[in-house]
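What follows is the residue order along each chain.
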Amino acid sequence: MGARFSHVSSPITVPVSWTVGQEGEKMSKPYQELKTYMDKAMAIKTAMTLFEWDNETLAPKEAGELTSQVIGVLSGEYFEAVTCDGMKKLLKECREQGGLTEAEAANVRELSEELEQTICIPQEEYQEFARLTARATSVWARAKKDQDFEAFAPTLEKVIGFQKKFAGYRAKDGKKTYDIMLDDYEKGFSMENLDEFFGLLKKELVPFLKKVMEEGKKIEDGFLKGDYPEEKQEELARFLAGYVGFDFDCGVMAVSAHPFTTNLHNKDVRITTHYTDSVDSSLFSVIHEAGHGIYELGIRDDLTLTPAGQGASMGMHESQSRFFENIIGRNRAFWVPIYKKVQEMFPGQLGQVDLDRFVEAINKVTPGLIRTEADELTYSMHIMVRYALEKQLIAGTLSTKELPAAWNALYREYLGVDVPDDTRGVLQDSHWSGGMFGYFPSYSIGSAYASQIYAAMEKELAVPTLVEKGELAPI
Ligand code: ZN
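Residues numbered from 1 in each chain as written. Predicted model: local features only at pLDDT ≥ 70, side-chain atom pairs only at ≥ 80, totals over all residues. Heavy atoms only, no water.

J.: When you look at the overall build of the protein chain in this model, what are you seeing that I'm missing?
T.: Each helix and strand counted, the protein chain has 19 helices and four strands in total. The C-alpha atoms of the protein chain give 23 Å as radius of gyration, which agrees with the globular expectation for 475 residues (23 Å, within 12%). Along the first, second and third principal axes, the C-alpha set of the protein chain runs to 70 × 55 × 45 Å. Within the protein chain, the proportion of its 475 residues that are buried is 54%. Here the contacts in the protein chain between residues at least 6 apart in sequence split such that 74% fall between residues at least 24 apart. Looking at the protein chain as shown, the accessible area adds up to about 20,800 Å², and 53% of this sits on carbon and sulfur atoms. (Helix = DSSP H or I, 4+ residues; strand = E, 2+ residues; numbered from the N terminus. Rg over C-alpha atoms; globule rule 2.2 N^0.38 Å. Buried < 20%, exposed > 50% of the residue type's maximum accessible area, 1.4 Å probe, protein only. Contact = heavy atoms within 4.5 Å. Areas by Shrake-Rupley, 256 points an atom, 1.4 Å probe, with all protein chains shown as cover.)

J.: Explanation requested: the sheet that holds strand E3 (residues 261–265) in the structure shown.
T.: The strands that make up a sheet pair up through hydrogen bonds in the backbone, lying either parallel or antiparallel. Ordered by their spatial adjacency, three strands build an open sheet running E2-E4-E3, and the pairing between neighbours is mixed. Edge positions in the sheet fall to strand E2 (251–255) and E3, since each has one partner strand and no second. With strand direction ignored, the average angle separating the axes of adjacent strands in the sheet is 20 degrees. As judged from the four bridges shared by E3 and strand E4 (residues 268–273), these two strands associate in the antiparallel manner. Bridged to Asn 263 within E4 is Val 269. Lying on the sheet, helix H10 (residues 279–297) is in contact with E2, E3 and E4; it crosses E4 at an angle near 165 degrees. (Pairing = 2+ DSSP bridges. Axes fitted to C-alpha atoms, helices over the stretch in contact; angles between N-to-C directions.)

J.: What is the right way to look at the nonpolar core in this model?
T.: What tends to happen in soluble globular proteins is that the nonpolar side chains get buried as a cluster. Ranked by size, the top nonpolar core spans 80 residues in total, and within it Leu 34, Leu 403 and Phe 437 carry the most contacts. Sort the elements by how many residues they give to this core and helix H16 (residues 379–395) lands first, with 10 residues. Not counting residues within four places of it along the chain, the set of residues in contact with Leu 403 comprises Phe 149, Leu 156, Leu 389, Leu 393, Leu 398, Val 426 and Trp 432. Judged by nonpolar contacts, the second largest core, of 47 residues, contains Tyr 275, Ile 328, Met 345 and Leu 472. (Core = buried A, V, L, I, M, F, W, Y, C linked by side-chain atoms within 4.5 Å.)

J.: When you look at the packing of aromatic side chains in this model, what are you seeing that I'm missing?
T.: What characterises a pair of aromatic rings is the spacing of the ring centres plus the angle enclosed by the ring planes. Under the defined criterion, the tally for this structure stands at 26 aromatic pairs. Between Trp 407 and Tyr 411 the ring centres are 5.2 Å apart and the planes differ by 15 degrees, which places this aromatic pair in the stacked class. Taken together, the positions of Trp 407 and Tyr 411, both in helix H17 (residues 403–415) and four residues apart, correspond to about one turn of that helix. Taken individually, Trp 407 and Tyr 411 each receive the classification buried, so the pair is uniform in this respect. With 5.4 Å between their ring centres and 50 degrees between their planes, Tyr 439 and Tyr 443 make a pair best called tilted. Members of the aromatic cluster, joined through ring pairs, are Tyr 185, Tyr 379, Trp 407, Tyr 411, Trp 432, Phe 437, Tyr 439, Phe 440 and Tyr 443. (Phe/Tyr/Trp six-rings, centres within 6.5 Å; stacked < 30°, edge-to-face > 60°.)

J.: Even after reading the chapter, I still don't get unusual backbone geometry, so can you show me in this structure?
T.: Glycine aside, negative phi is the norm for most residues, and most peptide bonds take the trans geometry. The backbone phi angle of Asp 173 is positive, close to 50 degrees, even though this residue is not glycine. Along the chain, Asp 173 falls in the loop between helix H6 (149–170) and helix H7 (177–185). The class of Asp 173 is exposed, set by a relative accessible area of 81%. For Leu 305, which is not glycine, the phi torsion reads 65 degrees and is therefore positive. Looking at the secondary structure, you find Leu 305 in the loop between H10 and helix H11 (314–328). The exposure class assigned to Leu 305 is buried, which follows from its relative accessible area of 15%.

J.: Mind showing me how you'd approach the packing of helix H2 (residues 64–83) against helix H5 (residues 123–146) here?
T.: To describe two helices that pack against each other, one gives the angle between their axes and the distance between the axes. Contact pair H2 / H5: the axes reach a minimum separation of 8 Å and the direction vectors enclose 145 degrees. Taken as a pair, H2 and H5 cross one another with a handedness that is right-handed. Here H2 contributes Gly 64, Glu 65, Ser 68, Gln 69, Ile 71, Gly 72, Val 73, Ser 75, Gly 76, Tyr 78, Phe 79 and Glu 80 to the contact with H5, which in turn contributes Gln 123, Tyr 126, Gln 127, Ala 130, Arg 131, Ala 134, Arg 135 and Ser 138. Within the contact of H2 with H5, the residues separate by chemical class into seven nonpolar, nine polar and four charged. (Left-handed = near helix turned anticlockwise from the far one by under 90°. Nonpolar A, V, L, I, M, F, W, Y, C, P; charged D, E, K, R; others polar.)

J.: Just checking my understanding: could you explain the pattern of salt bridges for this structure?
T.: When their charged atoms lie close together, side chains carrying opposite charge are able to pair. For the structure shown, the criterion picks out 33 salt bridges. Across the pair Lys 35 and Asp 39 runs a salt bridge whose closest N-O atoms are separated by 3.4 Å. Of this pair, Lys 35 and Asp 39 are both found in helix H1 (residues 29–57), four residues apart, which corresponds to roughly one turn of the helix. For Lys 35, a relative accessible area of 11% corresponds to the buried category. The class of Asp 39 is partly exposed, set by a relative accessible area of 26%. Across the pair Arg 371 and Asp 429 runs a salt bridge whose closest N-O atoms are separated by 3.0 Å. Here the residue Arg 371 occupies a position in the loop between helix H15 (355–362) and H16, and Asp 429 occupies one in the loop between H17 and helix H18 (441–458), the gap between them amounting to 58 residues. For Arg 371, a relative accessible area of 1% puts it in the buried group. Its relative accessible area of 8% is what places Asp 429 among the buried residues. Each of the salt bridges in this network shares a partner with another, and the network as a whole consists of Arg 322, Glu 325 and Arg 330. (Salt bridge = Lys/Arg side-chain N within 4 Å of Asp/Glu carboxyl O.)

See below:
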């Protein structure tokens with residue numbers, strides 16, 4: 001969803017996990033004591049992360065209600081572990097005493113922030129919100145299946161209410177509510193920066209898309225859709241994940257409604273995909289999630305399981321996945337060494353399709369309804385719709401009742417498509433059910449970072465040549 005979307009999504013803030021420390025290394029006394037507290041919070045957090053993973057992959061559909069009670073209890077334990085007097089005292093001592101290594105100092109800084117962001121929320125409300133979002137995912141999934149936004153609206157309203165209240169508790173220096181939420185995913189970003197960023201994208205992309213649609217070459221991509229058996233798609237997904245560098249000794253792949261990545265630590269990174277009758281859907285999902293996965297697998301052993309060993313931000317995380325998906329994966333050079341193998345997996349479907357036709361088809365621009373299946377050009381327009389709506393929902397100028405109509409109107413305006421039902425409209429993403437307001441802009445920020453990374457990389461590496469030779473490791 002990427003990491004999810006979530007890449008380790010947390011109900012309240014962006015993920016923080018904690019150091020297990022390195023035995024035998026010199027640590028200051030308070031830091032050494034702090035480690036015990038970190039370990040406990042880390043263990044609880046890991047348990048909750050595993051439940052999240054399980055909820056979206058293997059848990060039976062009736063599990064939600066009772067599991068949400070378990071999550072509620074665990075989140076209370078987590079709250080206490082992070083905000084207890086011992087944690088407060090030791091963090092203060094570590095800050096005052098100094099003499100920490102760079103990584104230790106970073107951990108103290110991150111933990112102090114987590115403490116500050118958590119302790120301002122009343123514990124009962126914190127736990128209630130955790131129970132709510134654990135349940136909300138299944139309410140959303142059912143509503144999506146039944147094309148029934150009404151069934152989800154009351155839950156969504158509660159989630160928004162909590163998020164606004166929590167942001168209010170955290171507000172400092174008159175900061176706007178939605179800016180506080182944005183800051184959770186991309187530190188330092190605000191509506192001011194993003195309005196400018198998306199304003200520029202909109203100004204350039206909307207007319208460009210119109211031009212492409214009117215004057216562009218007509219591309220035949222019908223062969224990507226049809227009878228692509230699931231087990232063959234899975235074989236391809238596993239091959240591609242491994243090919244780009246995802247290590248199956250330290251990672252697993254499962255199926256979920258919405259592809260995402262979860263990481264427990266650098267020896268346990270989990271990606272998901274989904275299979276539809278369009279082979280390119282799983283294909284690019286898996287390259288995308290493998291990108292997230294590789295980022296997490298690449299964290300150094302001495303930093304994993306510490307706050308300093310997390311992805312720098314959601315935008316940076318998305319830059320890694322979108323780099324692999326779009327910049328590498330949609331490039332002709334990527335398919336040169338492997339397309340023959342892909343044809344052998346699908347002789348009936350792709351045997352007669354040459355490489356150039358295949359590459360054209362996977363790069364075809366089509367304004368569509370579904371974000372996760374959008375091409376590179378139209379993708380950010382899906383994000384702009386969500387960004388515009390989130391701003392209004394949080395400011396209170398749009399009610400949940402009015403949301404589907406507002407969604408449909410923006411899809412018409414930005415993408416020129418009519419939304420036939422809420423399943424393919426406002427109910428398509430799970431982010432809001434998890435309370436993740438402020439997450440969506442990370443995707444577009446990630447695309448921008450990915451382009452900048454590529455521009456810098458090209459100065460040092462002959463990227464297309466390496467990709468064409470199948471040498472992805474240096475990249
Ligand atoms: Zn992603």
